[in-house]
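So you can see what is in the structure, the chains are spelled out below.
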2 protein chains.
Amino acid sequence: MTKEQDGIRYRRAQSVTRAEEIQAVEKKVRDSQPDKPCHKPRDSLFSWTSEFNNFTGFVNWAFLLLSIGSLRLLLENFIKYGIRVDPLQWIYVLTGLNEGGSGHPAVILIIYSLIPITTCLLVEKGLAVEIIPNTVGLVTHIVNLIVLILLPMIVIHVKEGFNLVGASVVTSFYTVLFLKMWSYIQVNQWCRTTHQKRRSSMRRSSASYSSLRKPSENNVDSSSEQLESKEKELVQYPDNLNLRDMLYFLCAPTLCYELNFPRTDRIRKRFLIKRIFEVIAGTQIVFCVIQQYMIPSIINSLIPFSNMDIAETTERLLKLAIPNHLAWLIFFYITFHSYLNLIGELLQFADRNFYADWWNAKDVDTFWRSWNLPVHRWAVRHLYLPIVEMGFNKFLAGVSVFFLSAFFHEYMVSVPLKTYKIWAFTGMMSQIPLSSLANYVQKRFGSRWGNMIVWSSLILGQPLCIMMYYHDYVITHYGESLLEEYGHI
Amino acid sequence: MTKEQDGIRYRRAQSVTRAEEIQAVEKKVRDSQPDKPCHKPRDSLFSWTSEFNNFTGFVNWAFLLLSIGSLRLLLENFIKYGIRVDPLQWIYVLTGLNEGGSGHPAVILIIYSLIPITTCLLVEKGLAVEIIPNTVGLVTHIVNLIVLILLPMIVIHVKEGFNLVGASVVTSFYTVLFLKMWSYIQVNQWCRTTHQKRRSSMRRSSASYSSLRKPSENNVDSSSEQLESKEKELVQYPDNLNLRDMLYFLCAPTLCYELNFPRTDRIRKRFLIKRIFEVIAGTQIVFCVIQQYMIPSIINSLIPFSNMDIAETTERLLKLAIPNHLAWLIFFYITFHSYLNLIGELLQFADRNFYADWWNAKDVDTFWRSWNLPVHRWAVRHLYLPIVEMGFNKFLAGVSVFFLSAFFHEYMVSVPLKTYKIWAFTGMMSQIPLSSLANYVQKRFGSRWGNMIVWSSLILGQPLCIMMYYHDYVITHYGESLLEEYGHI
């Protein structure tokens with residue numbers, strides 16, 4: 001709509017003061033009339049010419065309408081399906097056992113991880129005291145890491161009756177372990193190189209320890225002593241190679257190893273209790289949402305999705321989108337805020353920068369850089385920068401990060417489902433055109449609409465992937481003939 | 001949640017500069033380490049201690065979720081009921097005819113209104129030339145107004161086959177006419193009193209015309225002439241008593257009569273076309289919402305409401321709330337913005353102040369004062385102030401306004417439905433405790449929550465009234481035995 005050329009007002013007189021005078025006289029004359037005039041020329045607030053723009057009440061309106069809509073859906077669902085929540089089922093399920101199988105394979109697989117961890121530490125110790133040559137060490141590490149990542153894949157595939165949730169927990173655990181061990185090995189290698197250089201230069205000259213420092217540090221002579229004393233407080237290279245330090249890193253809420261993590265000076269009990277409460281309550285809420293809202297929607301989507309009925313499939317997709325999105329939001333909060341802060345507080349780990357303000361992200365790239373900071377920081381420090389420092393260009397480094405990320409997304413989804421489709425990989429790939437679209441929209445219509453695109457891709461992309469995987473999962477494991485009888489609740 | 005006592009940071013040293021020095025040294029030492037440290041002490045953004053508060057992305061999120069939810073409900077409704085919209089039905093219905101009846105009673109009733117209008121004008125003319133005594137004139141006016149307001153009530157009640165929509169149009173039309181004629185009679189009386197005073201004082205003294213003015217107007221001698229010339233441009237009392245002037249007022253978008261309405265100097269064609277388009281499109285959308293979403297919900301609510309099934313009734317109420325609220329919002333926009341501005345533009349009526357920013361209202365009183373300005377202004381000018389000027393206290397004046405308003409709400413709902421229950425009246429009465437609640441909430445939790453209460457009462461109060469009226473309507477007209485077979489679609 002274009003702005004109307006002129007609002008409703010008397011024609012302006014040539015000089016403003018003259019016009020004001022006339023208006024004042026008119027007002028005086030009108031006010032003196034016996035009919036008590038109560039009208040004067042003015043625009044409606046919704047007219048552009050009124051220049052009124054305070055619509056803050058509609059923000060409250062949107063949140064209220066959202067709550068009322070959700071409340072109704074809660075009630076409708078309750079009337080239709082009754083209570084489907086069963087907390088006991090989850091405890092059973094988390095141990096990794098399906099109804100057909102025996103034992104607790106998920107628990108056993110997690111305990112088994114101590115073996116590759118110990119192997120890694122022993123190799124590092126051997127490298128430090130130089131009883132293992134560098135190349136042998138490197139090869140052993142690589143083999144160890146490959147075995148580490150293949151093991152759950154093989155066990156889950158071979159073992160009968162490994163359920164979905166247990167398998168997901170195992171693959172996530174092994175993914176995190178893989179990234180942490182990669183970081184551990186790489187950081188120790190950096191330290192070893194520096195350590196060896198120092199030792200060889202010390203052998204060559206008998207110069208004092210301080211001359212080894214960079215010249216910039218010697219500028220401030222007064223603080224030179226301070227520096228030395230501070231440096232002595234820090235753990236130096238070979239001293240860090242012990243099981244206690246390694247386990248602290250493996251438990252710490254970060255994927256990037258360093259020898260001296262910043263620490264807090266005490267555990268805040270109130271803070272700890274709140275986070276524990278959030279983890280327990282939040283997990284229950286996510287489980288409720290999944291059992292009560294998502295599972296019926298997913299199962300009901302099977303037939304329309306299989307028949308390519310567009311209206312019904314879209315309806316199912318949108319119906320799934322909202323509970324899925326809420327579950328994801330709560331999952332994000334309990335994982336990245338409550339759980340990681342809880343672990344951080346227990347271990348007195350001071351860096352709690354687990355996420356940036358992705359909810360304000362104006363484009364897709366910013367979202368991916370801000371929602372999962374531990375992984376983002378790992379990717380920059382241990383993959384992107386090393387590749388760039390090795391002399392390759394930045395594009396190759398970016399592509400490498402992208403492919404590793406796509407691989408692990410696929411790994412954490414396909415392995416538990418035993419459906420080796422590439423929907424998660426495709427989902428990651430679709431971020432590239434989406435990113436261009438969001439950038440275009442942001443430039444053309446402003447950052448508010450860029451943010452809308454980011455939210456839309458989150459809200460709608462996830463349920464689409466879930467529906468595709470579920471559809472393929474049913475077809476792979478039960479056959480197309482089962483589609484019809486399995487498609488109803 | 002209370003703010004955590006201390007964030008995650010190193011203990012402050014006694015002097016800030018000293019602390020900064022230490023931190024700078026520490027940073028330098030850490031940066032020089034071979035393990036490329038990447039962690040530093042900081043809080044998560046959701047922690048109170050982080051003092052982060054930019055959550056604007058969530059406003060976009062809320063609007064997006066609202067759109068997605070609405071889109072899904074649209075689809076679900078389409079799949080369930082197909083297309084129920086039938087524009088032709090409305091043209092038929094608006095003329096006032098039910099399937100059983102004959103003729104177009106609504107049209108006839110509206111044309112009939114010319115008789116009380118002419119009566120009113122003739123009486124005013126008689127009073128002006130003093131061939132009708134004041135008391136006779138007053139009694140004739142009162143009788144005329146009472147007949148005016150009772151006529152549609154009786155016709156609708158007696159005539160068979162008068163449908164709901166036609167009857168609603170007639171009662172609304174007669175309500176507006178009643179208020180306008182009240183204003184016309186009262187303003188003319190004010191003018192007559194002043195006119196008679198002037199004439200009698202002119203008879204007594206042969207003083208010049210200008211000495212009759214209030215002394216305050218003589219202060220500015222220079223503008224005295226201007227005042228006189230301006231005053232001569234204005235229509236003076238007995239000259240306004242003609243059919244043309246009266247019909248202009250009856251058509252104008254205001255309920256308050258005055259002799260010289262502010263006028264615009266031209267009709268803006270673009271503006272006019274936009275408003276015409278809005279009225280036509282908006283009316284169609286409201287009709288669609290009613291036929292497609294509201295009617296099925298209302299009919300389905302009958303059985304649970306009758307059985308007092310709380311869960312299902314609440315679900316129905318919430319299901320009805322959203323389309324009803326959207327219909328009301330569009331209705332508000334097309335009536336108070338598009339339609340009144342359209343009429344105003346056609347009649348070159350310059351005062352377009354038909355509504356204030358009720359969407360930001362922080363309490364219930366403000367909402368009632370701002371959403372319908374023509375009625376609010378009428379009530380203040382023609383009921384509240386006259387009662388106060390007659391020497392009664394303000395409380396009585398307020399109560400009078402409230403009761404007249406409640407009467408007309410009841411009139412416009414009960415008469416078309418032929419169900420003389422007091423739900424609309426009760427709805428108006430419930431504004432009093434609601435107003436106290438909103439004031440308390442606003443004081444206790446801030447104006448944002450006061451605004452939320454106002455919106456909630458709008459969103460939930462209306463569908464509750466609709467369900468109660470529909471329930472009673474069915475029981476009154478079809479008997480309780482019909483409840484069961486009528487309750488399903």
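All values reported here derive from a predicted model rather than from experimental measurement. (Residues numbered from 1 in each chain as written. Chains lettered and ligands numbered in written order. Predicted model: local features only at pLDDT ≥ 70, side-chain atom pairs only at ≥ 80, totals over all residues. Heavy atoms only, no water.)

### Considering the overall build of chain A
Right, so step 1: When you go through chain A residue by residue, the secondary structure sums to 18 helices and zero strands.
Right, so step 2: Looking at chain A as a whole, 44% of its 489 residues are labelled buried.
Right, so step 3: Long-range pairs, those at least 24 residues apart, make up 74% of the contacts in chain A between residues at least 6 apart in sequence.
Right, so step 4: Carbon and sulfur atoms provide 65% of the accessible area of chain A, an area that totals close to 25400 Å². (Helix = DSSP H or I, 4+ residues; strand = E, 2+ residues; numbered from the N terminus. Buried < 20%, exposed > 50% of the residue type's maximum accessible area, 1.4 Å probe, protein only. Contact = heavy atoms within 4.5 Å. Areas by Shrake-Rupley, 256 points an atom, 1.4 Å probe, with all protein chains shown as cover.)

### Observations concerning the interface of chain B and chain A
Right, so step 1: Facing 120 residues of chain B, the contacting portion of chain A comprises 121 residues.
Right, so step 2: For the pair chain B and chain A, the two sides together bury roughly 11200 Å², of which 62% comes from carbon and sulfur.
Right, so step 3: A per-residue breakdown of the area chain B buries against chain A is headed by His39, Phe46 and Arg72 of chain B, which together make up 7% of the total.
Right, so step 4: On the surface where chain B and chain A come into contact, there are six salt bridges.
Right, so step 5: The interface formed by chain B and chain A includes 39 residue pairs in polar contact (both at pLDDT 80 or more).
Right, so step 6: At the level of secondary structure, the elements contributing two or more residues to the side of chain B that touches chain A comprise helix H1 (16-31), helix H2 (57-81), helix H7 (164-204), helix H8 (224-233), helix H10 (269-306), helix H11 (310-346), helix H13 (373-389) and helix H17 (447-478) of chain B.
Right, so step 7: Top element by residues in the side of chain B that touches chain A is H2 of chain B. It accounts for 18 residues.
Right, so step 8: For the side of chain B that touches chain A, the class distribution of residues is 56 nonpolar, 27 polar and 37 charged. (Buried area = accessible area lost by both parts, 1.4 Å probe. Salt bridge = Lys/Arg side-chain N within 4 Å of Asp/Glu carboxyl O. Polar contact = N/O pair within 3.5 Å; in protein donor to acceptor, adjacent residues only side chain to side chain. Nonpolar A, V, L, I, M, F, W, Y, C, P; charged D, E, K, R; others polar.)

### A short note on the relation of the copies chain B and chain A
Right, so step 1: The operation relating chain B to chain A is a screw motion whose rotation component is 180 degrees, with 0.0 Å of axial translation and a residual RMSD of 0.1 Å. With respect to symmetry, the two chain copies, as superposed, fit the operation of a two-fold axis.
Right, so step 2: Here 100% of the contact residues of chain B are again contact residues in chain A; the copies associate through an equivalent surface. (Least-squares fit on C-alpha atoms with pLDDT ≥ 70 in both.)

### Observations concerning the packing of aromatic side chains
Right, so step 1: For the coordinates displayed, the defined rule picks out 71 aromatic pairs over all chains.
Right, so step 2: A ring pair is formed by Phe178 of chain B and Phe408 of chain B, whose centres lie 5.4 Å apart and whose planes are at 50 degrees; its orientation type is tilted. Of this pair, Phe178 of chain B sits in helix H7 while Phe408 of chain B sits in helix H14 (residues 394-417); the two residues are 230 residues apart in sequence, bridging distant segments of the chain. The same class applies to Phe178 of chain B and to Phe408 of chain B, which are both buried.
Right, so step 3: It is Arg268 of chain A that lies over the ring of Phe271 of chain A; its NZ or CZ is 4.1 Å from the centre.
Right, so step 4: Directly above the aromatic system of Phe271 of chain A lies the positively charged group of Arg275 of chain A, at a separation of 4.6 Å from the ring centroid. (Phe/Tyr/Trp six-rings, centres within 6.5 Å; stacked < 30°, edge-to-face > 60°. Lys NZ or Arg CZ within 6 Å of the ring centre and 35° of its normal.)

### Some points on the nonpolar core
Right, so step 1: Residues Trp61, Trp358 and Trp455 of chain A together with Trp61, Trp358 and Trp455 of chain B are the most contacted members of the largest nonpolar core, which totals 68 residues.
Right, so step 2: Apart from the residues lying within four places of it in its own chain, the contact partners of Trp61 of chain A are Phe63, Leu66, His325, Leu326, Leu329, Trp455 and Ile459 of chain B.
Right, so step 3: Listed in part, the 44 residues of the second largest apolar core include Leu121, Leu241, Phe249 and Leu250 of chain B. (Core = buried A, V, L, I, M, F, W, Y, C linked by side-chain atoms within 4.5 Å.)

### Section: the UniProt feature "active site" (unreviewed entry) in chain A
Residues and elements named next belong to chain A.
Right, so step 1: UniProt's feature table lists "active site" (unreviewed entry) at His409, given in the numbering used throughout.
Right, so step 2: Mapped onto the fold, His409 is located in helix H14 (residues 394-417).
Right, so step 3: When sequence neighbours within four positions are dropped, the list of residues in contact with His409 reads Trp368, Ala424 and Met428. (UniProt positions renumbered as here; feature names shortened; annotations may be inferred.)

### Comments concerning unusual backbone geometry
Right, so step 1: Positive phi is not limited to glycine here, since Glu130 of chain A has a value of about 60 degrees.
Right, so step 2: The topology assignment puts Glu130 of chain A in the loop between helix H5 (114-128) and helix H6 (134-158).

### Focus: empty space enclosed by the protein
Right, so step 1: A full pass over the atoms with the stated rule returns three cavities of 30 Å³ or more.
Right, so step 2: Of the volumes computed, that of the largest cavity is approximately 70 Å³.
Right, so step 3: Along the walls of the largest cavity sit Cys38 and His39 of chain A together with Pro253, Thr254, Leu255, Cys256, Phe349, Asp351, Asn353, Phe354, Pro374 and Arg377 of chain B, which together make up its complete lining.
Right, so step 4: For the lining of the largest cavity, the class distribution of residues is seven nonpolar, three polar and two charged.
Right, so step 5: In this structure, the second largest cavity spans a volume of roughly 50 Å³.
Right, so step 6: Taken together, Pro253, Thr254, Phe349, Asp351, Asn353, Phe354, Leu373, Pro374 and Arg377 of chain A together with His39 of chain B make up the full set of residues lining the second largest cavity.
Right, so step 7: Looking at the lining of the second largest cavity, its residues break down into five nonpolar, three polar and two charged. (1 Å grid on protein atoms, 1.4 Å probe; cavity = no way out; pocket = protein on both sides within 12 Å on 5 of 7 lines; lining within 4 Å. Points joined across faces, edges and corners; volume = space filled by probe spheres on them.)

### Side note on the environment of His382 of chain B
All names here are of chain B.
Right, so step 1: Locating His382 in the fold gives a position in helix H13.
Right, so step 2: For His382, a relative accessible area of 1% gives the class buried.
Right, so step 3: In sequence terms His382 and Cys256 are 126 residues apart; their C-alpha atoms lie 8.2 Å from each other.
Right, so step 4: Leave out the neighbours within four places in its chain, and His382 touches Trp182, Ser183, Gln186, Val187, Trp190, Cys256 and Tyr257.
Right, so step 5: Within the structure, the side chain of His382 is placed 2.8 Å from the side chain of Ser183, a separation counted as a polar contact.

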